[in-house]
Amino acid sequence: MALKVCPGHKMMGSCVFGGEGWSMKSSSSTTQKVLVRRSHGVGKELCVRAAASSSSWPASDAFLQKVTQNGAASGKEDGASGSLTRVQEKENLAMQASGNGTSAMEVSTSHMVSLHLPKPLSITDLALPPRETSDLRVAYQGVPGAYSEAAAAKAYPRCEAVPCEQFEAAFSAVELWLVDRAVLPVENSLGGSIHRNYDLLLRHRLHIVGEVQLAVHHCLMGMPGVKVEELQRVVSHPQALAQCEQTLTKLGVTREAVDDTAGAAQFIAAHNLRDVGAVASARAAEIYGLEILMDGIQDDLDNVTRFLMLAREPLIPRTDRKFKTSIVFTLEEGPGVLFKALSVFALRELNLTKIESRPQRKRPLRVVDDSNNGTAKYFDYLFYIDFEASMADVRAQNALGHLQEFATFLRVLGSYPMDVSPMRA
Ligand SMILES: O=C(O)C(=O)C[C@]1(C(=O)O)C=C[C@@H](O)C=C1
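- An unreviewed UniProt entry annotates the protein chain as Arogenate dehydratase originating from Ceratodon purpureus.
- The protein chain has a UniProt comment under Pathway (unreviewed entry) that states "Amino-acid biosynthesis; L-phenylalanine biosynthesis; L-phenylalanine from L-arogenate: step 1/1."
- Its UniProt record gives the protein chain the following Subcellular location (unreviewed entry) comment, quoted word for word: "Plastid, Chloroplast stroma".

Written out as structure tokens, the structure is:
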């Protein structure tokens, strides 16, 4: 199962891990709910609340405490379990400070205090080598076999890829320290931009720390022994369906959108659906035991999806390799304002690699009163721009300084190395 965001709780993640995990239990004698650690087996549940929202939790949720432990005893400092300990330390302090901690006292405060206080750093901790990418936990949307999983492996070859049900869950998993990075698709050469992720980039406070481009090679697959002519329906991610528009139209099948390509393959296999096909990767066919009926069915052989890597901290920008910088800004209404905004890059010979505009969801319309011509209502936009330079480059700094003179809002989403590796699936 994948990470998912629990409805109704801001900044809350509930997830199930394949490895070690936590599960929630209710004590029969009291109303206490506790998180208990389980070390092996399937279906381990983990509920985490961010310290920021602890004061507004429902009373029963305030009982949530981790009482078995301690975190160090599990031997795992990094990754989900170590991070959980940190989140809950904050949580405990916040609860005690806000007076919500009364119920937590029922879970033996003295025991908790000794277990939740951070361990002071020693000289040996400081001598530890820097973390290797093999330690990294990387969230992606979908299930194993999804293209996003392949993008995570391309970005961080020895990482542990963590499946998430929604994009939102991948963002939250990084924010809550359950994982170290998220990898998200932002645009495809056939289907265009994945708007949802542009909106989420703005809503969350994560930083873009890298990009990868992945050649996306789609297969049509079905249950073993099924023939293409027997398919009535084809299910897949909407982007994948759009990328195979021509083939699917020729087949004359009904299309149905699901959350991810590999999830479509998994669904067919789980329900033994013999009249349904999936558009997904060859790896998904292998994982879920489906047969490839058609190979390379995307409309264009050079079908490429660009993914971004997100982290809690920004990268320190450098100038010794090719960098890109992504920004988002808003402008006043008026003739030529976008032209003026773009000129700050042109004047400094900065190459733009992407421009995207998105409506401002919170304030979609701008009302302009002109006494001569009446009242006009304009759509208000956010502009997302990528340009080829590092924020360590003085031209980039000057361009953004210049843009800031007339932009009504400006945020740097990240300055990161460009993907210059050869394309591979
Ligand atoms: O469904 C998947 O396998 C994904 O990784 C998502 C996704 C997307 O959102 O664009 C990624 C790459 C392909 O373009 C098709 C689908």
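Moving on from the model shown.
1. Observations regarding the overall build of the protein chain
Then step 1. On a plain count of helices and strands, the protein chain comes out with 13 helices and 23 strands.
Then step 2. Classification of the 425 residues of the protein chain by burial places 38% in the buried group.
Then step 3. Within the protein chain, contacts between residues separated by at least 24 positions form 72% of all contacts whose residues are at least 6 apart in sequence.

2. A few points about unusual backbone geometry
Then step 1. Backbone geometry at Trp-177 places phi at a positive 65°, although glycine is not the residue there.
Then step 2. Mapped onto the elements of the fold, Trp-177 is located in the loop between α6 (167-175) and β9 (181-188).
Then step 3. The backbone of Glu-349 shows a phi angle near 60°, a positive value even though the residue is not glycine.

3. What to know about the sheet that holds strand β18 (residues 323-331)
Then step 1. Taken together, four strands build an open sheet; the order of strands is β19-β22-β18-β23 and the sheet is antiparallel. On the outer flanks of this sheet lie β19 (352-359) and β23 (407-417), each paired with one strand and no other. Neighbour-to-neighbour, the strand axes of the sheet open up by a mean angle of 15°, direction not taken into account.
Then step 2. Those strands touched by helix α7 (residues 195-203) are β18, β19, β22 (381-387) and β23, and its axis lies near 85° from that of β19.
Then step 3. Across the sheet, helix α12 (residues 337-346) is in contact with β18, β19, β22 and β23; its angle to β18 comes to roughly 155°.

4. A few points about the site of the ligand
Then step 1. Around the ligand, the surrounding shell holds 15 residues, and the nearest of these are Ala-146, Ser-148, Gln-239, Asp-260 and Thr-261.
Then step 2. Among the secondary structure elements, those contributing two or more residues to the shell around the ligand are α5 (147-155), β9, α8 (238-243) and α10 (261-271).
Then step 3. Split into classes, the residues belonging to the shell around the ligand amount to seven nonpolar, seven polar and one charged.

5. Concerning the pairing of strand β13 (residues 233-236)
Across a regular strand the side chains alternate sides, sitting on one face of the sheet and then on the other.
Then step 1. Two strands pair when backbone bridges link them, and β13 and strand β14 (residues 254-257) are joined in this way by four bridges, in the parallel orientation. Note that in β14 the partner of Val-234 across the bridge is Arg-255.
Then step 2. Two elements, β13 and strand β15 (residues 276-280), share three bridges in a ladder whose sense is parallel. Across the sheet, residue Arg-233 finds its bridge partner in β15, namely Val-276.

6. Focus on the packing of α6 against α7
Then step 1. The interhelical angle for the contact between α6 and α7, taken along N-to-C directions, is 30°, at an axis separation of 10 Å. One element, α6, and the other, α7, form an angle in the roughly parallel class. Here the hand of the crossing between α6 and α7 comes out right-handed. Along the contact surface, α6 presents Phe-167, Glu-168 and Phe-171, while α7 presents Arg-196, Asn-197 and Leu-200.
Then step 2. Looking at side-chain class alone, the contact of α6 with α7 contains three nonpolar, one polar and two charged residues.

7. Some points on α7
Then step 1. What α7 keeps buried is the set Asn-197, Tyr-198 and Leu-201. Considered in projection along α7, the buried side chains sweep an arc of 105° and stay on one side of the axis.
Then step 2. Structurally, α7 contributes buried residues whose contacts are with α6, β9, β10 (192-193), β19, β22 and β23.

8. A look at the environment of Ala-242
Then step 1. Along the chain, Ala-242 turns up in helix α8.
Then step 2. For Ala-242, a count of 18 C-beta atoms within 10 Å puts it in the partly exposed group.
Then step 3. For the pair formed by Ala-242 and Gly-191, sequence separation is 51 residues and the distance between their alpha carbons is 6.4 Å.
Then step 4. Contacts of Ala-242, omitting those with residues within four sequence positions, involve Leu-190 and Gly-191.

9. Here's the deal with the confidence of the model for the protein chain
Regions with low pLDDT carry predicted coordinates that are not meant to be interpreted in detail.
Then step 1. For the protein chain, the mean per-residue pLDDT works out to 76, and 65% of the residues sit at or above 70.
Then step 2. Segment residues 6-112: pLDDT under 50, and 146 contacts once partners within four positions in sequence are set aside and those in other chains are kept.
Then step 3. Counted against residues more than four places away or in other chains, residues 128-132, with its pLDDT under 50, gives zero contacts.
Then step 4. This complex was scored by the predictor with a pTM of 0.70 and an ipTM of 0.95.

10. Here's the deal with the sheet that holds strand β12 (residues 219-222)
Then step 1. The sheet built from five strands is open, its strands ordered β14-β13-β15-β12-β16 with mixed pairing. Taken across any chain shown, the strands that pair with only one partner, and hence form the sheet edges, are β14 and β16 (291-295). Strand-to-strand twist across the sheet, computed as the mean angle between neighbouring axes with direction ignored, equals 30°.

Cut-offs and rules
Residues numbered from 1 in each chain as written. Predicted model: local features only at pLDDT ≥ 70, side-chain atom pairs only at ≥ 80, totals over all residues. UniProt positions renumbered as here; feature names shortened; annotations may be inferred. Helix = DSSP H or I, 4+ residues; strand = E, 2+ residues; numbered from the N terminus. Buried ≥ 20, exposed ≤ 12 C-beta atoms within 10 Å, placed from the backbone. Contact = placed C-beta atoms within 7 Å. Pairing = 2+ DSSP bridges. Axes fitted to C-alpha atoms, helices over the stretch in contact; angles between N-to-C directions. Near = placed C-beta within 6 Å. Nonpolar A, V, L, I, M, F, W, Y, C, P; charged D, E, K, R; others polar. Parallel < 35°, antiparallel > 145°, perpendicular 65-115°, else oblique. Left-handed = near helix turned anticlockwise from the far one by under 90°. Arc of directions from axis to C-beta. pLDDT = per-residue confidence, 0-100.

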